[in-house]
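These are the residues of each chain, in order.
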Amino acid sequence: MVQVGVFGYGTVGSGVVEVLTKNADLIAKKVKDEVKVKAILDLRDFPGDEHEDKIVHDVDAIISDPEIKIICETMGGIGAAYKFTKMALEAGKSVCTSNKELVAAYGPELLALAKANNCNYRFEASVGGGIPIIRPLIDAVTADKIESVTGIVNGTTNYMLTKMANEGAEFDDVLKQAQANGYAEANPAADIEGLDAMRKLSILSSLVYGKTVKCENISTEGITKISSRDFKYAKELGCVIKLLAKYSDEETGAYSMVAPFMVNESNPLYHVNDVFNAIMVRGNMLGDAMFYGRGAGKLPTASAVCGDVVECAKSLGVNVDVDWKNEEVALDGLKASKRAFFVRVNKDSKEACLKAFNNVKEVNAGFYDEFAFVTEEMTEEAFENAASASGELINRVRIEK
């Protein structure tokens, strides 16, 4: 029997226990051994819960138990979760986590610690919830040079942008709806400022590049400047607006960025709506492949954690190496990357814009107090230079190729 401990009995943690319990027979067939939850660490008691007899309040009760070989860390944050994860790995126990913040901050350190102690650190659920993307990048497309990874990886912002596109609603109104429906926190900054997507992109970029792409080196913009007018212009262009997390390795250099993009109907990401996520991977041999599904939620996320549990249970005492070196790399290719931009300015700035930008295409959505246009394809650096010479912009949105 393979005994499992769980750190945190909240939404995801309780989901992990539910999946391991309900699908016990199926999991046992795949592992060729029974997998069972022995202990659950939480500060609270859960009287009446069917697993209340498994609740412990002292982490040592799990760390020092020689029968527990795998731990699911679903606490969140980088305080106690980091400390307890290190303790578990040092004790030779594999750890499976949904904690994107912890993985983004300490991933290579924890992977190295797992390797040194002949166990594993797995984090499929840290990006895309229930979407399988980490294992495919590690195992399935290793013969390819990954040229780009582009995804919608935050369900809250995708829900909000979908509502704005379909209903013509304003940002503040859809944020209130997202909070009322439980998709956005009381403090929604991590979602709407792009920080959640940034952390997930840090993980994906690091796995693709093989070195650490830190969050602070990722150009990050949220959706707070997007208005209903932007969507009306987007409709004129046959596009919708999506918050994309994007890694690209081009001839002019590699870069990682999070920002709103206009996406046209020929792009599969155009059709990804509401709280769903999707991640497109482009390999030099594979071409394009897209991974689509629920990017959050109790059971989808728990399913991904439990998938890692199965993998760890099948390789007890053996470390499966992950190519993510603890060596920081600052990707510097963003300024030289090329794309078209959609731009809005006050009508008084029209002449300055026409002078600063070459070959613009005007976009008319019936708003006569401003001038809107699409630029020719140009580098990020050239755009910033032209924008600074054309007066204050109301907004600008990149256009996905």
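Since we're looking at a predicted model, the values are computed, not measured.

Draft legend 1. Main features of the nonpolar core. Tyr121, Phe123, Ile134, Met160, Ile203 and Phe342 are the most contacted members of the largest nonpolar core, which totals 82 residues. The element that contributes the greatest number of residues to this core is helix 5 (residues 100-116), accounting for seven residues. Discounting residues that sit within four places of it in the chain, Tyr121 has contacts with Thr85, Leu89, Val95, Thr97, Leu102, Val103, Gly107, Leu110, Leu111 and Ala114. One finds Tyr9, Val37, Phe46 and Ala302 within the second-largest nonpolar core, a separate group that totals 28 residues.

Draft legend 2. Structural context of the sheet that holds strand 3 (residues 55-56). The six strands lie next to each other as 3-2-1-4-5-6, forming an open sheet whose pairing is parallel. The strands lining the two open edges of the sheet, one partner per strand, are strand 3 and strand 6 (121-122). With six bridges connecting them, strand 1 (residues 2-7) and strand 2 (residues 35-41) associate as parallel partners. Bridged to Val4 within strand 2 is Val37.

Draft legend 3. Structural context of the environment of Asp230. Relative to the helices and strands, Asp230 is located in helix 11 (residues 228-236). On the basis of relative accessible area, Asp230 is assigned to the buried category, the value being 0%. Sequence separation between Asp230 and Ala365 is 135 residues, and the spatial gap between their C-alpha atoms is 9.5 Å. With residues near it in sequence (within four places) discarded, Asp230 still touches Lys225, Ile241, Met262, Phe342, Arg344 and Asn395. Only 2.9 Å separates the side chain of Asp230 from the side chain of Arg344, close enough to count as a polar contact.

Draft legend 4. Structural view of the pairing of strand 5 (residues 94-97). Side chains of strand 5 alternate between two faces, with Ser94 and Cys96 and Val95 and Thr97 buried alike. Crossover handedness for the path strand 4 (residues 68-73) to helix 4 (residues 80-90) to strand 5: right-handed. Two strands pair when backbone bridges link them, and strand 5 and strand 6 are joined in this way by two bridges, in the parallel orientation. From the neighbouring strand, Cys96 faces strand 6, where its bridge partner is Arg122. Tracing the backbone out of strand 5, into helix 5 and back to the parallel element strand 6 gives a crossover that is right-handed.

Draft legend 5. Representation of the side chain of Arg398 within the structure. Mapped onto the secondary structure, Arg398 falls in strand 19 (residues 393-399). A relative accessible area of 3% places Arg398 in the buried class. Among the polar contacts made by the side chain of Arg398, one reaches the side chain of Glu221 at a distance of 3.2 Å. At 2.6 Å, the side chain of Arg398 and the side chain of Glu380 are in polar contact.

Draft legend 6. Region of interest: the state of the cysteines. Under the counting rule described, the total for this entry stands at zero disulfides. Cysteine Cys239 is unpaired, with the sulfur of Cys353 as its nearest cysteine sulfur at 20 Å. Under the relative-accessibility criterion, Cys353 is labelled buried at 1%.

Draft legend 7. Up close: the packing of aromatic side chains. The tally for this structure, following the rule as stated, stands at 13 aromatic pairs. Following the ring pairs from residue to residue traces out a cluster consisting of Phe341, Phe357, Phe371, Phe373 and Phe383.

Draft legend 8. Broad picture of helix 12 (residues 298-313). Along its 16 residues, helix 12 runs 22 Å from first to last C-alpha, staying within 8% of the 22 Å computed at 1.5 Å per residue. Among the residues making up helix 12, those that are buried are Thr301, Ala302, Ala304, Val305, Cys306, Gly307, Asp308, Val309, Val310, Cys312 and Ala313.

Draft legend 9. Fine view of unusual backbone geometry. Look at Asp274: it is not a glycine, yet its phi comes out positive at around 55°. Considering the arrangement of structural elements, one finds Asp274 in the loop between strand 11 (253-264) and strand 12 (276-283). When its relative accessible area of 37% is taken as the criterion, Asp274 is described as partly exposed. For Asn359, which is not glycine, the phi dihedral falls at a positive 55°. Residue placement: Asn359 occurs in the loop between helix 13 (350-356) and strand 16 (361-362).

Draft legend 10. Structural detail: the pattern of salt bridges. According to the stated counting rule, one finds 25 salt bridges in the structure shown. The salt bridge partner of Asp65 is Lys38, with a shortest N-O separation of 2.8 Å. With Asp65 in the loop between helix 3 (60-63) and strand 4 and Lys38 in strand 2, the pair connects residues that are 27 residues apart, well separated along the chain. Between Lys325 and Asp323 there is a salt bridge; the shortest N-O distance is 3.2 Å. Of the residues examined, Lys325 reaches a relative accessible area of 43% and is grouped as partly exposed. Through salt bridges with shared partners, a single ionic network connects Glu221, Arg339, Glu380, Arg396 and Arg398.

Draft legend 11. The arrangement of helix 8 (residues 171-180) in detail. The set of residues buried in helix 8 consists of Phe171, Val174, Leu175 and Ala178. One face of helix 8 carries all of its buried residues, which in axial projection span an arc of 105°. Seen from the buried face of helix 8, the exposed residues on the opposite side, beyond 90 degrees, are Asp172, Lys176 and Ala180. On its buried face, helix 8 sits against helix 7 (155-167) and helix 9 (189-192). Just past helix 8, the residue Gly182 takes up positive phi, approximately 80°.

The rules behind each value
Throughout, residues of each chain are indexed from 1 in the direction in which the sequence is written. Note on the predicted model: pLDDT of at least 70 is required for a residue's local features to be given, and 80 or more for side-chain atom pairs to be given and counted; whole-chain, interface and lining totals, by contrast, use all residues. No hydrogens and no water enter the side-chain calculation; it runs on all heavy atoms of the structure. By convention a nonpolar core is built from buried Ala, Val, Leu, Ile, Met, Phe, Trp, Tyr and Cys residues, the set being connected through side-chain atoms within 4.5 Å. Relative accessible area decides the class of each residue, using a 1.4 Å probe on protein chains only: under 20% of the type maximum gives buried, over 50% gives exposed, and in between gives partly exposed. Note on conventions: DSSP H or I runs of at least 4 residues are helices, E runs of at least 2 residues are strands, and numbering of each starts at the N terminus. Here, two residues are considered to be in contact whenever any of their heavy atoms come within 4.5 Å of each other. At least two bridges found by DSSP between two strands is the condition for calling them paired. Throughout this description, a polar contact denotes any pair of N or O atoms lying within 3.5 Å of each other; where both atoms belong to protein, one of them has to be capable of donating a hydrogen while the other can accept it, and for residues adjacent in sequence the pair is counted only when both atoms sit in side chains. For the handedness criterion, the strands are oriented away from the viewer, and a crossover whose path from the first strand over the helix to the second runs clockwise is classed as right-handed. Note that a disulfide, as used here, is simply two cysteine sulfur atoms within 2.5 Å. In summary, the pairing rule links any two rings of Phe, Tyr or Trp, Trp by its six-membered ring, whose centres are within 6.5 Å, and it sorts them by plane angle into stacked for under 30 degrees, edge-to-face for over 60 and tilted for everything else. How far a helix is expected to stretch is found by multiplying one less than its residue total by 1.5 Å. One side-chain nitrogen of Lys or Arg within 4 Å of one carboxyl oxygen of Asp or Glu is enough to make a salt bridge. Arc, as used here, means the arc of the directions from the helix axis to the C-beta atoms.

Note that all results are geometric; they support no functional claim without further evidence.
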